[in-house]
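Tertiary structure, described
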Amino acid sequence: MDLPGNSADAEIRRTSVEGVAALDRAIAILDAFSTAERSLSLAEIAMRTGLYKSTILRLANSLLRGQLLERLDDGRYRVGPAAFRLGALYQRSVVAVDILLPIMRDLSERSWESVAFYVRSGDVRTCLYRVESKHPIRYTIREGDVLPLLAGSGGRVLAAFSGQQGEPYETIRKTCNCLAVGDRDPETAGVSAPVFGPGHALLGALTLAGPSTRVDAAFLERMKRPLLEAAARATRAFGEDASMLEQASLATAALP
């Protein structure tokens, strides 16, 4: 025989589980969108999420009310303005823009190449900040773009300092940098270093990159020291000991 209150407790637990499941499905709907395809039909969302169209329509109504989704005149959906507001809040809470951007601009001025700051988001990385190259032909990544984690110098640095085992990650942890030519894209090359915050928490990866026709391995070797100095400067500004990055900078064979 059920004790008083047991059925009510069970109902609360069931409702809680259903609420979490609905939230997971709503997140899956938002994750279906990408910068390459900014609007999707109901059928495309269903194909990408594996959800029934009836489920998508029910959750979409809530997302529309919260302005996380918008319905276009042709019936397609796109991410709504509330997502932009949340993204701006996230951007300002993860790292301090007033610390990173001056350092990134200085590095871009010194190299004449593009500089980006990436953060890890699960199994991918996101470009949080970006300073463009002064060259007319440049490496085109925009703030908010999502890239693979285990490809490219920035992704490999994030993976290495998140505990990824094996090579090249062991070497990256020892040298505090990663140089990659054509790793993620055959036409681009870059070099990256980690930036840390209090408690030696990994905040992100600072990346200098450009077209491989101009930014070759020799150029990136010369830029290792300025990059590591910039990463050390950012780390100190966030209140963390940067001696590891400073020692890595001194150990490089890069020219001044």
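Read on for an overview of the structure. (Residues numbered from 1 in each chain as written. Predicted model: local features only at pLDDT ≥ 70, side-chain atom pairs only at ≥ 80, totals over all residues. Heavy atoms only, no water.)

Once that is clear, we can look at the packing of helix H8 (residues 217-237) against helix H9 (residues 243-251). Two numbers describe how H8 lies on H9: the axes approach to 9 Å, and their chain directions differ by 170°. Comparing the axis directions of H8 and H9 gives the class roughly antiparallel. H9 is crossed by H8, and the crossing has left-handed handedness. Mapping the contact onto sequence places Arg225, Leu228, Glu229, Ala231, Ala232, Thr235 and Arg236 in H8 and Leu245, Glu246, Ala248, Ser249 and Leu250 in H9. Taken together, the residues of the contact of H8 with H9 break down into six nonpolar, two polar and four charged. (Axes fitted to C-alpha atoms, helices over the stretch in contact; angles between N-to-C directions. Helix = DSSP H or I, 4+ residues; strand = E, 2+ residues; numbered from the N terminus. Parallel < 35°, antiparallel > 145°, perpendicular 65-115°, else oblique. Left-handed = near helix turned anticlockwise from the far one by under 90°. Contact = heavy atoms within 4.5 Å. Nonpolar A, V, L, I, M, F, W, Y, C, P; charged D, E, K, R; others polar.)

For H8, which comprises 21 residues, the first-to-last C-alpha distance of 29 Å matches the rise-based estimate of 30 Å (1.5 Å per residue) to within 8%. For H8, the principal kink sits at Met223 and spans about 40°; a proline, Pro226, occurs within the next four residues. Tucked inside the fold, the buried residues of H8 contact helix H5 (97-111), helix H7 (169-175), strand E7 (178-181), strand E8 (188-197), strand E9 (201-211) and H9. (Expected span 1.5 Å × (residues − 1). Bend = angle between axes of the 7 residues up to and from the residue.)

We now examine unusual backbone geometry. Omega for the peptide link from Glu167 to Pro168 comes to 5°, which places this bond in the cis form. When you line up the elements, Pro168 lands in the loop between helix H6 (153-160) and H7. Positive phi outside glycine occurs at Trp112, with the angle close to 65°. Of note in this structure, His200 is not a glycine but carries a positive phi near 60°.

As for its placement among the helices and strands, Lys174 is situated in helix H7. Exposure remark for Lys174: the relative accessible area of 70% places this residue in the exposed category. Separated by 14 residues in sequence, Lys174 and Ala160 have C-alpha atoms that sit 9.9 Å apart. (Buried < 20%, exposed > 50% of the residue type's maximum accessible area, 1.4 Å probe, protein only.)

Quick look at the packing of helix H2 (residues 42-49) against helix H3 (residues 53-65) now. Contact pair H2 / H3: the axes reach a minimum separation of 10 Å and the direction vectors enclose 110°. One finds that H2 runs roughly perpendicular with respect to H3. In contact with Leu42, Ala43, Ile45, Ala46 and Thr49 of H2, H3 contributes Lys53, Ile56 and Leu57.

Once that is clear, we can look at the pattern of salt bridges. Counting across every chain of the model gives nine salt bridges. Note that Arg233 is salt-bridged to Asp106, the shortest N-O span being 2.8 Å. In this pair, Arg233 sits in helix H8 while Asp106 sits in helix H5, placing the two residues 127 residues apart along the sequence. (Salt bridge = Lys/Arg side-chain N within 4 Å of Asp/Glu carboxyl O.)

As summarised here, the arrangement of the six strands in space is E6-E5-E4-E9-E8-E7, forming an open sheet in which the pairing is antiparallel. Unpaired on one side and paired on the other, strand E6 (146-148) and E7 mark the two borders of the sheet. This sheet shows a mean twist of 35° between the axes of neighbouring strands, independent of strand direction. Each of E7, E8 and E9 touches H8; the most contacted strand, E8, lies at about 20° to it. (Pairing = 2+ DSSP bridges.)

None of the figures reported here should be taken as evidence of function without further support.
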